[in-house]
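Inside the fold
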Amino acid sequence: MSALKEKLKADLTASMKSRDEVRLRTIRMALAAINVEEVSGKEARELSDDEVLKVLAKEAKKRKEAAEAFGNAGRAEQAQAELDEQAVLEEYLPAQLSDEELAELVDAAIAETGASGPQAMGQVMKAVNPRVAGRAEGGRVAATVRARLAASS
């Protein structure tokens, strides 16, 4: 079993003992999502830490989007509950890259690939995505790449 999944299970037990309802609910949901991912496909398998991180990132993104939807619908209480769950999930995710760090990675990928102009976006994204690996949302990475390519052309 991956170390991250072990940590989630240990934290689940701790949150049960401390009666922390938000944390308990969130960790249960995360473990359920991990289990679904493990049994999806042709045969069941254990997820690696990287795969568990991807599942947690996806769940955190869902919480963010749900909070926005609830907020726009005037349901502040539900929006806050989703934000609380997102905060718990983010404790398990790697620290997000700052805008400057992301720009540096993108600039390095552009220099490495020799790309210029917006038509080279796919080439740069292919080079930068492994370096970012869950530390920045895909849309944010794409926006930075687009802006840097536009500035360099």
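Okay, so let's go over this structure. Counting starts from 1 at the beginning of each chain's written sequence and moves along it residue by residue. Only residues with pLDDT of 70 or above have their local features reported here, since the model is predicted, and side-chain atom pairs are shown and tallied only from 80 upward, although totals for entire chains, interfaces and linings are computed over all residues. With hydrogens and water set aside, each side-chain value is computed from the structure's full complement of heavy atoms.

Should a side-chain nitrogen of Lys or Arg be within 4 Å of a carboxyl oxygen of Asp or Glu, the pair is scored as a salt bridge. Per the counting criterion, the structure on display carries twelve salt bridges. Among the salt bridges present, the one from E38 reaches K5, with a minimum N-O distance of 2.9 Å. Of this pair, E38 sits in helix α2 (residues 21-39) while K5 is found in helix α1 (residues 3-18), placing the two residues 33 residues apart along the sequence. A single burial state applies to E38 and to K5, both of which are buried. Measuring nitrogen to oxygen at the nearest pair gives 2.3 Å for the salt bridge that ties E112 to R131. With E112 in helix α5 (residues 99-113) and R131 in helix α6 (residues 121-132), this residue pair connects regions lying 19 residues apart in the sequence. With a relative accessible area of 26%, R131 lands in the partly exposed category. Where helices and strands are cited, they refer to DSSP runs of H or I of at least four residues and of E of at least two residues respectively, numbered from the N terminus. The buried label applies to any residue whose accessible area, calculated with a 1.4 Å probe on protein chains only, is under 20% of its type's maximum; exposed applies above 50%, and partly exposed to all values in between.

To continue, consider α5. Residues that lie three or four places apart on an α-helix share one face, since the helix turns once every 3.6 residues. In this scheme, a helix's expected span is set at 1.5 Å multiplied by one less than its residue total. With 15 residues, α5 extends 21 Å between its outermost C-alpha atoms, agreeing within 8% with the 21 Å of an ideal straight helix rising 1.5 Å per residue. Within α5 the residues assigned to the buried category are L102, A103, L105, V106, A109 and I110. End-on, the buried residues of α5 take up no more than an arc of 160°, which puts them together on one face. With respect to the buried face of α5, the exposed residues turned more than 90 degrees away are E100, E104, A111 and E112. Looking at the residues trailing α5, positive phi occurs at G114, about 70°. In this description, one arc is meant: the one made by directions from the helix axis to the C-beta atoms.

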